[in-house]
Amino acid sequence: MYLTREEERILDGEYGWACQVCMRILVKLGELYGATRLIPISSAHISGISYKTIGDAAVNFLNAIIEKGAKTRVFSTLNPSSIDPCLVDRLSKGLVEKQREILKLYEMMGAKLSLSCTPYYEYAPPKNSNLAWAESSAVVYANSILGAWTNREGAPSALASAIIGKTPNYGVHQSENRKPSILIDVQFQPKDEVEYGALGYYVGRIAEDKIPFLRGLKNPSLDELKQLGAALASSGMVSMFHYGKEQRLTDKLEVVTVEGEEIKAVMDELSPSKFTPDMIFIGCPHCSLKEIEMLANLVQGKKLKDNIEFWVCVSRYVKNKGEKFIEIIKDSGAKVLTDTCAVVTWTDKLGIKKIMTNSVKAAHYLPTMNKAEVILASMRECVKIAYE
Ligand code: F3S
C-alpha cells in the first residue's frame, strides 16, 4: 500500500507510539483488503464504548494510548455506553465507575460524548464524503440513505481512523464496489416497522456480503428503512442496500423473491413464544424525533401498568429536540434513556428476563447478550400491552 512521506513517518514512530499503533492497524487492514492508499475521512464513529462489551483489556489499551498522547484528528462520535443517569443507582458501583472511566478516556482523546448509535440525526455527514464508522446500523444508514461512504469498521479500526484522520481505500469507498450485486424482489408489503426489520433480517442472510437492491417497496419511511438496515446488518455482513426505481440497474443480477411466508418464518424464529414481558424496549436503533412524536401521541394521557418497565432509548440530541414529546412519554410512566440501550447494558442484572421490542436487531442480540426471552411487536402493539 502506498504511504505518503508523513504516513511513513507516523508508521516509523516519529509521531509517538499511540499514532504508530493506530497507523499499523490501518496499514494491516489496508493490506488485508488490497487497498492502494489511505484516504482522508470527514468523521469517525467509534464503537466499543460499553464496559459490558469491551471489558478490561480494552480499557487498558485506551489508558495506554492516552498516556502516550492519543488525540482524535477528525470529528469523532461515540456509540452508546452501558449506563444512563436513571440506571446508575440500580447497577453496582464498580461497573458504573469502570464505565465512567472509559467515557473520561474518550473525552480526553477529544471524542464527542454523543453516546448514540444514531449520530446522523445530529451530524449528518456530507453526501459522498468518506467516513470511518463502526456500528453496523449507522453504517448501513449512512451509505444507503445519506449517500456517505463508509466500510463497516470494527472498534479498533474506527478508533485508529479517528486518531490518524484517514481510512484505507477499499470496499464501499470505491464506487465500483457500491453497485447492487443481488436483486431482491419483494412480493409483499411490510405492514409495520417490525416487518421491515424481518425483511431486512431475511435479506441479510441471503445477501451475506453482497449489496442488495430491494425492488417493490412502496414509499417506506426513513424509520422503516432504519429498521430494515439495522436488521440487514445483524444477520449478514451487508454494509449498504439500494431501493427504489429499478431503471437504475444496468447489470444482470441474480434475483431472489421474498414473500410474506419468509417474513413470518423470521418472526417465528426471533419471537418464538408468547409471554407477559417484564420490560418493553423501543429505540433500537435510537429513536428519531418522528418516532418520539409517534410514541408520545400513543401514550398521551395513559398510565403505564405497575408490573412493567417501558424503556425508550434516544440520543441526547433527540431528547433535547423533542422535549415536549419526552415530557408526555415520561408523564405516562415510561423511562427515557440516553447514553445506552437495553442490549449494551446489563438488563439481566436489573432482574429483567422477558423483553418485548419492535426491533428485529434487538431481538437478534438480546437472547445471547442479555440472556433474555424476546417477543417482537410493533410500537403500537407494545403500547397496548403496557398501557391498556
Ligand atoms: Fe443501538 Fe443498542 Fe440497537 S447500540 S442499534 S440501540 S443494540
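Residues numbered from 1 in each chain as written. Predicted model: local features only at pLDDT ≥ 70, side-chain atom pairs only at ≥ 80, totals over all residues. Heavy atoms only, no water.

A. Highlighting the domain arrangement of the chain. The domain architecture assigned to the chain consists of domain 1 (5-175), domain 2 (179-267) and domain 3 (271-386). A separation of 28 Å is found between the C-alpha centroids of domain 1 and domain 2. With 13 residues of domain 1 in contact, the opposing surface of domain 2 contributes 17 residues. Carbon and sulfur atoms make up 63% of the area that domain 1 and domain 2 hide from each other, which totals about 1,100 Å². For domain 1, the biggest contributors to the area lost against domain 2 are Val140, Ile145 and Arg152; these three give 42% of the whole. Across the contact surface, domain 1 and domain 2 share zero salt bridges. Where domain 1 touches domain 2, the interface holds six residue pairs in polar contact (both at pLDDT 80 or more). Of the residues that constitute the side of domain 1 that touches domain 2, the class distribution is seven nonpolar, five polar and one charged. (Domains from an automatic or database assignment. Contact = heavy atoms within 4.5 Å. Buried area = accessible area lost by both parts, 1.4 Å probe. Salt bridge = Lys/Arg side-chain N within 4 Å of Asp/Glu carboxyl O. Polar contact = N/O pair within 3.5 Å; in protein donor to acceptor, adjacent residues only side chain to side chain. Nonpolar A, V, L, I, M, F, W, Y, C, P; charged D, E, K, R; others polar.)

B. Representation of the sheet that holds strand β11 (residues 309-314). One open sheet holds the five strands; their spatial order is β12-β11-β10-β13-β14, and the pairing between them is parallel. Each edge of the open sheet is held by one strand with a lone partner, namely β12 (335-337) and β14 (373-376). Going from strand to strand, the sheet's axes swing by 25 degrees on average, the running direction of each strand aside. The pairing of strand β10 (residues 279-287) with strand β13 (residues 354-357) spans three bridges and is classified as parallel. Note that in β13 the partner of isoleucine 280 across the bridge is methionine 356. Contacts between helix α14 (residues 379-387) and the sheet are confined to β10, β11 and β13, with β10 contributing the most and set at about 150 degrees to the helix. (Pairing = 2+ DSSP bridges. Helix = DSSP H or I, 4+ residues; strand = E, 2+ residues; numbered from the N terminus. Axes fitted to C-alpha atoms, helices over the stretch in contact; angles between N-to-C directions.)

C. Representation of the site of the ligand within the structure. Around the ligand, the structure places Pro80, Cys117, Glu135, Ser137, Gly283, Cys284, Pro285, Cys341, Val343 and Lys361. Ranked by residue count, the leading element in the shell around the ligand is β10, at three residues. Here the residues of the shell around the ligand sort into six nonpolar, two polar and two charged. Counting contributing residues, the shell around the ligand receives three or more from each of domain 1 (5-175) and domain 3 (271-386). (Near = heavy atom within 4 Å.)

D. Broad picture of unusual backbone geometry. Of note, the bond from cysteine 284 into proline 285 is cis; its omega dihedral lies within 30 degrees of zero at -10 degrees. With respect to the helices and strands, the residue proline 285 is situated in strand β10. Of note in the backbone geometry, leucine 115 takes a positive phi value of approximately 50 degrees without being a glycine. Along the chain, leucine 115 falls in the loop between α4 (93-109) and β4 (131-133). Owing to a relative accessible area of 0%, leucine 115 belongs among the buried residues under this scheme. Positive phi, normally seen in glycine, also occurs at asparagine 128, with a value near 65 degrees. (Buried < 20%, exposed > 50% of the residue type's maximum accessible area, 1.4 Å probe, protein only.)

E. Inspection of the packing of helix α7 (residues 193-207) against helix α9 (residues 260-270) at higher detail. Remark: α7 packs on α9, axes separated minimally by 9 Å, with the N-to-C direction vectors making an angle of 95 degrees. Taken together, the axes of α7 and α9 are roughly perpendicular relative to one another. Residues Val194, Glu195, Ala198, Leu199, Tyr201, Tyr202 and Arg205 of α7 pack against Glu262, Ile263, Val266, Met267, Glu269 and Leu270 of α9. For the contact of α7 with α9, the class distribution of residues is nine nonpolar, no polar and four charged. (Parallel < 35°, antiparallel > 145°, perpendicular 65-115°, else oblique.)

F. Looking closely at the layout of surface pockets. Space inside the largest pocket adds up to approximately 880 Å³. Together, 39 residues line the largest pocket, and Ala134, Glu135, Ser136, Arg152 and Glu153 are the ones closest to its centre. Broken down by secondary-structure element, the contributors of at least two residues to the lining of the largest pocket are α2 (17-33), α5 (136-146), α6 (155-164), β10 and α13 (360-369). Per-element tally for the lining of the largest pocket: the top contributor is β10, with four residues. Of the residues assigned to the lining of the largest pocket, the class counts are 18 nonpolar, 15 polar and six charged. (1 Å grid on protein atoms, 1.4 Å probe; cavity = no way out; pocket = protein on both sides within 12 Å on 5 of 7 lines; lining within 4 Å. Points joined across faces, edges and corners; volume = space filled by probe spheres on them.)

G. Structural view of α6. Along α6, eight of the ten residues are buried, which leaves the element largely enclosed by surrounding structure. In the segment just after α6, glycine 165 is the residue with positive phi, at about 85 degrees.

H. The arrangement of the packing of aromatic side chains in detail. In total, this model carries seven aromatic pairs according to the counting rule given. With centroids separated by 4.5 Å and ring planes inclined at 65 degrees, the aromatic side chains of phenylalanine 75 and tyrosine 123 adopt a geometry described as edge-to-face. With phenylalanine 75 in strand β3 (residues 75-78) and tyrosine 123 in the loop between α4 and β4, the pair connects residues that are 48 residues apart, well separated along the chain. By relative accessible area, which is 34% here, phenylalanine 75 ends up partly exposed. Measuring from ring centre to ring centre gives 4.9 Å for tyrosine 120 and tyrosine 121, while their planes differ by 70 degrees; the resulting arrangement is edge-to-face. Taking the relative accessible area as the measure of exposure, tyrosine 120 reaches 4% and is therefore buried. Looking at tyrosine 121, the relative accessible area reads 21%, which means it is partly exposed. (Phe/Tyr/Trp six-rings, centres within 6.5 Å; stacked < 30°, edge-to-face > 60°.)

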